[in-house]
Amino acid sequence: MDGSSYLYRAFHALPDLRNAQGEPTGAIYGMAAMLRRLRGEGKLAIPATHGAVIFDAPGKTFRDDLYDQYKANRASTPADLALQIPAIHAMVKAMGWPLIMMPGIEADDVIGTLAERAWRQGVRTVISTGDKDMAQLVNDHVTLINTMTRDNGPPERLDRDGVIAKFGVPPERIIDWLTLVGDAVDNVPGVSKVGPKTAVKWLQHYGSLDALIERAGEVSGVVGQNLRDALPWLPTARQLVTILLDCDLGAQWTEVGEALRLQPEDDPALLDLFERYGMKSLRREVAERSGLAGGTASGGRSFSSGTGPNASGATEAAADAPPSLPGAPAELHYETVLDASALDRWLNIIEAAPLVAFDTETTSLDPMRAELVGLSLSIEAGRACYIPVAHAYAGAPEQLSREQVLARLKPWLESSKHLKVGQNLKYDLHVLENHGIRMQGVAHDTLLQSYVLEAHRTHGMDALAQRHLGRTTTTYEQVAGKGAAQITFDQVGIEQASHYAAEDAEITFQLHTVLHPRLQAEPRLLDVYQRIEMPAMPVLQAMERHGVLIDTEALQRQSTELAEQLLRLEGEAHALAGQPFNLASPKQLGEILFGKLGLPAVKKTASGAPSTDEEVLEKLALDYPLPRLLLLHRSASKLKSTYTDKLPRMVHPRTGRVHTSFSQATAITGRLSSTDPNLQNIPIRTPEGRRIREAFIAPSGHRLVSADYSQIELRIMAHVSGDASLRRAFAEGQDVHRATAAEVFGVSIDAVSSEQRRYAKTINFGLIYGMSAFGLAAQLGIEREAARNWIERYFARYPGVARYMDDTRKQAKERGYVETVAGRRLWLPEINSPNGPRRGAAERQAINAPLQGTAADVVKLAMVAVQDWLSTERLASRLILQVHDELVLEVPEAEVPLVSRELPRIMGEVHPLEVPLLAEVGVGVNWEQAH
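Residues numbered from 1 in each chain as written. Predicted model: local features only at pLDDT ≥ 70, side-chain atom pairs only at ≥ 80, totals over all residues. Heavy atoms only, no water.

A. Region of the structure containing the overall build of the chain. What the chain contains, in helices and strands, is 38 helices and 23 strands. Taking 30 Å as the expected radius of gyration for a compact globule of 931 residues, we find that the chain reaches 33 Å, a close match to that expectation. Reported as C-alpha extents along the three principal axes, the dimensions of the chain are approximately 95 × 80 × 60 Å. If you take every contact in the chain between residues at least 6 apart in sequence, the share linking residues at least 24 apart comes to 67%. Of the side-chain charges in the chain, 98 are positive and 115 negative, and the distance between the mean point of each set is 3 Å. (Helix = DSSP H or I, 4+ residues; strand = E, 2+ residues; numbered from the N terminus. Rg over C-alpha atoms; globule rule 2.2 N^0.38 Å. Contact = heavy atoms within 4.5 Å. Lys, Arg positive; Asp, Glu negative; His and termini not counted. Charge placed at Lys NZ, Arg CZ, Asp CG, Glu CD.)

Okay, structure coming up:
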């Protein structure tokens, strides 16, 4: 087994799995599972008597001396992978596999030498690898198997015919083929512009690389010249790609003997390792097989998802939960409450309990339309009940009425003294309010606890139960079906529904007992949870509940105008193309742009066709009229389908308003997301986009008041970087972009031109998003060298900003996360990725995330403070929207002066920084006018 090949593939193939101690475990899990499958039963098993797992040893080999750029493009081993390597080595040995690492000899050469010795001894050999270079080792005695094929399909097996089918040449010509093509993974250049097809054509025609070299003068065209240019290099390239077959491996490995015999698994060692690294199902198998103690009661599962009202809707690949996690209680006491005496008994139980987990089951995921079908309660691990109130299928047993149950529970539900915990309680607040109940005493939410602790992971109940409790839950699909066959919960049999619903409440209670202590152990995270997330939740629920009024007639008029505009643009596009075509078809568009009109292909799709995405069209639009028209058509089409057509259909029939949903637990930065409809992405840079905002209106006798934080992320940058010049500009109330232009261009503030200010604004905002000189040059339409000079001058004038960026990148790489001013952790799973583009994106995110995250914290605190003030002053004004750094309120005309005056003060004081926070207020009859 090619351990080095699979080590990296296992690491990158699996999600960021961790054990209870937070140690990374994905590569360990992947390698352990693969090793056991190779020796176990089923389609991957290989009935071998001898074997070994081969790893690269640290240090140089002869190839590094031969070519100093060998593997130069490879990133260093990711920190999370390096932490797992000792455990993987221990796992290999405990599973009975000999482990070989030879200093100064690459794993490929060890494998090649062992395979050569084995087949010469008459021993049939299977090499388990994902490395194409190994194809050169295949012969009648040596076969390759790749156990990590795409989509977990059947393993790829390559004998001689398989190599020919895959590469177009037999195994004895793979070295020649690799020499011509090169090896990008190991940074071995081949012949320029020669790909697999050309290499195969040459080798089939000339027979071998040596024959091709002798007759290189016969190859015509540019590619022939490239071949001749590469002739001095080809002998070195051939040496680099040739796997050695005669390495000195020492006396121990001279033949396939006892040293290479596969040994029985060391069960006690495996049990310890599987427990340490949280591999529950593997540990259970070993415990059951060996008779050793330590098996666990509930099995793991690879995928868990939640789609019921209690779940976030995300799907997560979860590692087996460690046996040290709580698991299921020894006994589960789930009760179905069907009569008044049982209801009274449970009412007495929850009134005496210090904390109760609460959940609802309903007819819909739409919180404004959902009707209560039943509710569940839990007061401790293993004990819960379900109270059905509206199961309406044929033969359903008699239930207490919804009105009777809610009347009995209302005093408890509306009591602030009786504390409740739930999973995504914002949804349950809506459901109860649909039935006239305003729940109080909301103390905890496990969805938000998970979000604060691990924002980069999923927060659905099924995933949380697997991750933190080691429990596999009943999914919504298991009781209600899925797809077109899915039934509503009121049609689910009460016996099934009762277990599912009671489990929801009981799991929630147990999750709280695990997650809340973890928050209490991290005071800054606990503060984010208690001071920001939990208080923001009821404010968001009230905003969703109130909704926003829209002018449907204005949107319908605009929709008609957009339809006319689309027809006109389509006709103009057809005229420019010289023929009709489907503007929405990438294939037809590509044929017109790059085939008929001969426009340059900016980039290609995965299939090799020229791309027609928006980025490409924007570049082409600078020089060509048709791409410009296509962009206008796409923009108008999106506005029509997403807003002017859709928004009027989303008006709630009872309220006459549009009700968006604000998610707290989506963005890792802490920002809210708006869905159904998404009101955060309405374009405001075009007149058509601004007209859509005009359709968001105030009711009669009211005005909309918008309060928008000014340059909040730049102000936060001034705070976190400590840069004196940047802080001074804000403290003195200067135009920060004009002040930056004065610094960068070396002129007085009064002498700054509008063009210089525009450049400075682009630099200011670009750098906080990690923009490079390349990006800045593209943004401003200048040479990259000029952009680089301006960035250098910027950092010379603002050294604190440069220091902040350097320190933040370093901290992110060391810790795997960055923090907001308030202490929210912003996780960066790719910060040490070996993939350069991914790592670069994570580094840029590391710079911006503390700024954007702190801004998100500030906005949430502002929402809470504004709502507290409105309630204290008993004002009729209502918060209705939060978009980016802006709060929008619906305000009675009589309250407009007071609200306009107090909003900037309240918003400026919520999160004291070393520079002042400034909120600018606007008033209007519609959102656009107020903004």
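The structure having been displayed, the exposition proceeds.
B. The side chain of T508, seen in detail. Here T508 lies in helix 21 (residues 494-520). By relative accessible area, which is 2% here, T508 ends up buried. Filtering out sequence-adjacent residues up to four positions away, T508 remains in contact with A357, V421, G422, Q423, T446 and M461. (Buried < 20%, exposed > 50% of the residue type's maximum accessible area, 1.4 Å probe, protein only.)

C. Structural detail: the packing of helix 21 against helix 22 (residues 523-546). In the contact formed by helix 21 and helix 22, the axes pass within 6 Å of each other and the chain directions differ by 115°. For the pair formed by helix 21 and helix 22, the contact residues are H516, L519 and Q520 on the first element and P523, L525, L526 and Y529 on the second. (Axes fitted to C-alpha atoms, helices over the stretch in contact; angles between N-to-C directions.)

D. Highlighting the sheet that holds strand 3 (residues 125-128). Pairing in this open sheet of three strands is mixed, and the strands run 3-4-5 from one edge to the other. Sheet topology places strand 3 and strand 5 (156-158) at the edges, where each strand pairs with a single neighbour. Averaged over all adjacent pairs, the angle separating strand axes in this sheet is 25°, with direction ignored. Direction of pairing for strand 3 relative to strand 4 (residues 142-146): parallel, over a ladder of four bridges. Bridged to V126 within strand 4 is T143. (Pairing = 2+ DSSP bridges.)

E. Molecular detail of the nonpolar core. By size, the foremost hydrophobic cluster in this structure holds 143 residues, and its most contacted members are I387 and Y709. When sequence neighbours within four positions are dropped, the list of residues in contact with Y709 reads V858, V859, A862, D885, M907, V910, L917, L918 and A919. (Core = buried A, V, L, I, M, F, W, Y, C linked by side-chain atoms within 4.5 Å.)

F. Representation of the environment of E522 within the structure. Tracing the backbone shows E522 in the loop between helix 21 and helix 22. Residues E522 and L453 lie 69 residues apart in sequence; the distance between their C-alpha atoms is 9.2 Å.

G. Structural view of the sheet that holds strand 22 (residues 886-892). The four strands lie next to each other as 21-22-18-23, forming an open sheet whose pairing is antiparallel. The open sheet terminates on both sides in strands that have one partner only, identified here as strand 21 (878-883) and strand 23 (919-924). Neighbour to neighbour, the strand axes of the sheet diverge by 20° on average, direction disregarded.

H. View of unusual backbone geometry. With omega at 0°, the peptide bond leading from D676 into P677 counts as cis. Looking at where P677 falls in the secondary structure, it is placed in the loop between strand 16 (673-675) and helix 28 (687-694). For N187, which is not a glycine, the phi torsion comes out positive at approximately 60°. Within the secondary structure, N187 is located in the loop between helix 8 (174-181) and helix 9 (196-206). Residue R874 is not a glycine yet carries a positive backbone phi of 55°. Relative to the helices and strands, R874 is located in the loop between helix 36 (836-872) and strand 21. Among the residues examined, R874 registers a relative accessible area of 77% and is labelled exposed.

I. How the structure looks around the pairing of strand 18 (residues 702-709). Taken together, the seven bridges between strand 18 and strand 22 define a ladder with antiparallel strand orientation. Bridge pairing in strand 22 places H702 opposite P892. In the sheet, strand 18 pairs with strand 23 via six bridges, with the strands oriented antiparallel. Counted as the bridge partner of A707 is V921 from strand 23.

J. Expanded view of the environment of G481. Mapped onto the elements, G481 comes out in the loop between helix 20 (476-480) and helix 21. G481 gets classed as partly exposed once you look at its relative accessible area, which sits at 25%. For the pair G481 and V492, spaced 11 residues apart in the sequence, the C-alpha separation amounts to 9.6 Å. When sequence neighbours within four positions are dropped, the list of residues in contact with G481 reads Y476 and Q486.

K. Just helix 32 (residues 754-768), in detail. Under the 1.5 Å per step criterion, the end-to-end length of helix 32 is 22 Å for 15 residues, consistent within 8% with the ideal 21 Å. For helix 32, the full list of buried residues reads Y759, A760, T762, I763, N764, G766, L767 and I768. Turning to helix 32, the residues buried within the fold contact helix 29 (712-721), helix 31 (736-745), helix 33 (773-780), helix 34 (784-797), helix 35 (799-815) and helix 36. Two residues or fewer past helix 32, G770 is found with a positive phi of approximately 75°. (Expected span 1.5 Å × (residues − 1).)

L. Expanded view of the packing of aromatic side chains. Counted according to the given criterion, the structure contains 11 aromatic pairs. With a centroid separation of 4.9 Å and an interplanar angle of 45°, the aromatic rings of Y759 and W790 are classed as tilted. Of the two residues, Y759 is situated in helix 32 and W790 in helix 34; the sequence distance between them amounts to 31 residues. Across the pair, W790 and Y759 agree in class, each one buried. (Phe/Tyr/Trp six-rings, centres within 6.5 Å; stacked < 30°, edge-to-face > 60°.)

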